[in-house]
Amino acid sequence: MKKLAIVGFGAAAIGFMQGLIESGRIDQYEITVFEKGKDHTHNTISGVRMDGKIFISKGMGGELDIPIEVQQRIVEFYLTHSGYIPQMKEKAKMIDYLKSFEKDGKKIEFGESFCDEESYRNFYDKGFEPIKSYFFHLGTDVLRETNDNLFAYFSSFKNIQFYFDTTVEDIELSQKHKIYTNKGEFVFDEVVIAVGRSGHKLMDRIKEKYPHLVKENYYVDIGIRYELPNHVMERFFDMYEVKVRYKARTGYMCRLFCQNPSGKVALEKYEDFTTVNGYSDTYHKTENTNFAVLVTTRFTEPFKDPTGYGKNLAKLANILAGDQEKIILQTYGDFKEYRRTKRFGRVYPTLNNDSFILGDANLVFPSKIRESLVDFIDRLDDVIKGVAYFDNLLYAVEVKFYSNKFNNDIVENLHVIGDCSGWTRSIQYATSMGYMRALAISV
Ligand SMILES: Cc1cc2nc3c(=O)[nH]c(=O)nc-3n(C[C@H](O)[C@H](O)[C@H](O)COP(=O)(O)OP(=O)(O)OC[C@H]3O[C@@H](n4cnc5c(N)ncnc54)[C@H](O)[C@@H]3O)c2cc1C
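Since this is a predicted model, take the numbers as computed values, not measurements. (Residues numbered from 1 in each chain as written. Predicted model: local features only at pLDDT ≥ 70, side-chain atom pairs only at ≥ 80, totals over all residues.)

## Focus: the sheet that holds strand β11 (residues 177-181)
Each strand in a sheet pairs with another by means of backbone hydrogen bonds, the pair being arranged parallel or else antiparallel. Across the sheet, three strands lie side by side as β10-β11-β12; this open sheet has antiparallel pairing. Edge strands, defined here as strands with exactly one partner in the open sheet, are β10 (168-172) and β12 (184-188). Averaged over all neighbouring strand pairs, the angle between strand axes comes to 20 degrees, with direction disregarded. The sheet contact formed by β10 and β11 spans four bridges and is antiparallel. Across the sheet, the residue bridging to Val168 is Thr181, located in β11. (Pairing = 2+ DSSP bridges. Helix = DSSP H or I, 4+ residues; strand = E, 2+ residues; numbered from the N terminus. Axes fitted to C-alpha atoms, helices over the stretch in contact; angles between N-to-C directions.)

Written as structure tokens, this is what we have:
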């Protein structure tokens with residue numbers, strides 16, 4: 001039997017293991033999964049407040065070509081392990097079949113973006129590029145349950161061993177790959193690296209040692225988390241997420257990202273700075289909807305550190321907020337008028353009071369980014385009246401980092417999959433990448 005190491009127990013690792021099972025090749029391997037979380041509930045899927053939105057789309061979630069059939073299979077896989085049961089026997093119309101899944105008599109929350117011609121045209125005519133997609137929303141709570149079920153499922157295979165509380169610190173690539181962890185050294189015939197974004201230390205080390213395996217990255221997405229009353233967005237709730245791109249007057253590309261109807265705003269803590277994010281539960285609803293507005297910033301020579309640029313803007317917001325673990329909150333009206341916010345209007349934040357300072361995000365954003373954000377929100381108001389209300393809330397800073405893209409064709413028996421590979425940024429694409437790689441489909 002071949003000795004296989006999987007580093008990280010997240011979406012991509014789950015897809016890879018499932019791919020091995022479905023391909024029938026699982027019996028050829030003795031598998032060790034190293035996860036730095038102290039048990040399975042401390043992996044990314046369970047440990048962070050992930051919203052558990054799984055979508056099917058060709059236009060978002062990663063820069064790979066994942067066939068729609070594979071994406072549908074991944075949704076079916078997660079729904080089944082969430083405890084949802086299909087009510088339709090027939091799989092002929094796959095989307096209808098997936099929509100029919102029920103749990104405790106409740107249908108899976110489902111949405112379609114821009115699949116009807118009229119809403120597509122409304123956005124298109126105002127300069128937006130609408131992205132077609134289907135959404136299945138598990139919610140943070142059900143996603144945790146799913147993670148428990150998946151752990152039990154994979155643990156039932158005698159040839160899969162989990163090592164928790166085990167951080168892989170370094171990997172030596174050779175004929176047989178050597179793995180260095182906080183618990184000792186191990187040798188494997190084949191290695192899968194699936195450490196997501198939180199595994200950036202290990203990835204930095206690998207990139208430093210083997211620079212020929214990665215391509216340069218020139219991008220970072222910088223922006224805000226925006227929060228507004230549900231009633232403004234309500235007529236688009238069927239869609240679940242209004243996924244659009246827009247080229248601002250500045251020439252920068254902006255996008256609406258990660259919408260959470262009836263959701264909550266949350267902090268995203270890194271080692272030495274804090275940004276903002278959002279999520280929503282299936283069972284605990286709020287009166288507000290939140291989403292990110294992100295501006296894609298591309299750099300050219302000689303500047304080569306887009307990640308550093310994003311981190312430093314986030315740090316600047318933390319400094320102005322007076323604490324490394326606080327962010328800036330402002331009303332949209334005050335932001336537009338360059339005024340520090342002193343009190344709320346009709347919209348109250350869902351983020352805890354001790355996580356923000358009322359301030360002025362104009363002191364953080366360079367003008368090209370600021371102009372792009374205002375242009376995007378005002379233009380969106382032309383299609384969704386109320387998006388640009390004075391009282392709506394703006395949290396700074398939200399940042400999405402792009403990892404350098406990894407070339408998987410250079411080292412034999414090495415697979416770098418999921419977000420740490422730089423090719424994906426979603427549960428669907430990370431899981432699919434792992435799944436296809438294990439099925440020996442080149443991705
Ligand atoms: C707050 C939040 C909400 C999100 N909501 C959604 C959503 O609703 N829908 C969606 O599609 N995407 C969402 N995402 C993005 C999604 O989480 C990722 O795109 C996806 O999980 C990537 O999968 P992955 O397997 O590459 O990495 P991960 O799922 O992050 O898994 C990596 C695992 O590796 C472990 N690890 C890291 N370093 C090491 C190491 N050195 N040694 C051992 N183990 C290590 C980590 O603990 C982690 O468990 C969200 C992200 C965040 C932060």
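## Things to note about the site of the ligand
Contacts to the ligand come from 39 residues, most closely from Gly8, Gly10, Gly196, Gly199 and Gly418. Elements that contribute at least two residues to the shell around the ligand include exactly α1 (11-23), α2 (44-47), β18 (274-279) and α12 (427-438). Within the shell around the ligand, the residues separate by chemical class into 17 nonpolar, 14 polar and eight charged. (Near = placed C-beta within 6 Å. Nonpolar A, V, L, I, M, F, W, Y, C, P; charged D, E, K, R; others polar.)

## Describing the pairing of strand β14 (residues 219-229)
A regular strand places its side chains so that they alternate between the two faces of the sheet. Judged by how many residues are buried, β14 sits mostly within the fold: nine of 11 residues are covered. Of the pairings in the sheet, the one linking β14 to strand β19 (residues 288-298) comprises 11 bridges and is antiparallel in character. Across the sheet, the residue bridging to Asp221 is Thr296, located in β19. Of the strand pairs in this sheet, β14 and strand β22 (residues 393-401) are connected by eight bridges, and their pairing is antiparallel. (Buried ≥ 20, exposed ≤ 12 C-beta atoms within 10 Å, placed from the backbone.)

## Quick word on helix α7 (residues 200-209)
Looking at α7, one finds that the buried residues are Leu202, Met203 and Ile206. In a view along the axis of α7, the buried residues occupy a sector of 95 degrees, so they form one face of it. Projecting away from the buried face of α7 at angles above 90 degrees are the exposed residues Asp204 and Glu208. Those residues of α7 that are buried lie in contact with β10. (Arc of directions from axis to C-beta. Contact = placed C-beta atoms within 7 Å.)

## Some details on the nonpolar core
Counting 123 residues, the largest nonpolar core has Phe16, Val192, Ala194, Tyr395 and Val397 as its most contacted members. Counting residues domain by domain, this core receives three or more from each of domain 1 (2-157 + 403-438) and domain 2 (219-401). Look past the residues within four positions of Val397 in its chain and what remains in contact with it is Ile222, Ile224, Thr275, Val276, Leu313, Ala314, Ala317, Ile327 and Val364. (Core = buried A, V, L, I, M, F, W, Y, C linked by C-beta atoms within 7 Å. Domains from an automatic or database assignment.)

## Digging into the domain arrangement of the protein chain
How big an interface is tends to be expressed through the accessible area that disappears when the partners come together. As assigned here, the protein chain comprises domain 1 (2-157 + 403-438) and domain 2 (219-401). A separation of 26 Å is found between the C-alpha centroids of domain 1 and domain 2. Every contact between the two is made by 25 residues of domain 1 and, on the other side, 20 residues of domain 2. For the side of domain 1 that touches domain 2, the elements supplying multiple residues, two or more each, are β6 (109-113), α5 (117-125), β7 (128-130), β8 (133-137) and α6 (139-155).

## Quick notes on the environment of Lys385
Mapped onto the secondary structure, Lys385 falls in the loop between α11 (367-383) and β22. With 153 residues separating them in the primary sequence, Lys385 and Val232 have C-alpha atoms 7.0 Å apart.

## A few points about α6
With 17 residues, α6 extends 24 Å between its outermost C-alpha atoms, agreeing within 8% with the 24 Å of an ideal straight helix rising 1.5 Å per residue. Listed in full, the buried residues belonging to α6 are Gly139, Thr140, Val142, Leu143, Thr146, Asn147, Leu150 and Phe151. (Expected span 1.5 Å × (residues − 1).)

## A short note on the packing of α1 against α12
The contact between α1 and α12 brings their axes to 6 Å, and the two run at 35 degrees. Considering the relative orientation of α1 and α12, their crossing is right-handed. On the side of α1, the interface is formed by Ala11, Ala12, Ala13, Ile14, Gly15, Phe16, Gln18, Gly19, Leu20 and Ser23, while α12 contributes Ile427, Ala430, Thr431, Ser432, Met433, Gly434, Tyr435, Met436, Arg437 and Ala438. Class assignment of the residues belonging to the contact of α1 with α12 gives a composition of 12 nonpolar, seven polar and one charged. (Left-handed = near helix turned anticlockwise from the far one by under 90°.)

## Describing the pairing of strand β20 (residues 327-331)
β20 sits mainly inside the fold: five of its five residues count as buried. Inspection of the sheet shows β20 paired to strand β21 (residues 356-358) by three bridges, in the parallel sense. Within β21, the residue paired with Ile327 across the bridge is Phe356. As judged from the four bridges shared by β20 and β22, these two strands associate in the antiparallel manner. Opposite Ile328, over in β22, you have Ala396 as the bridge partner.

## A short note on unusual backbone geometry
Cis peptide bonds are those with omega within 30 degrees of zero, and the linkage from Glu301 to Pro302 qualifies with 5 degrees. By secondary structure assignment, the location of Pro302 is in the loop between β19 and α9 (306-320). With phi around 50 degrees, Ser262 is a residue other than glycine that occupies positive phi space. Position of Ser262 relative to the elements: it lies in the loop between β16 (253-260) and β17 (264-269). One non-glycine residue, Tyr338, lies in positive phi territory at about 55 degrees. Relative to the assigned elements, Tyr338 resides in the loop between α10 (332-336) and β21.

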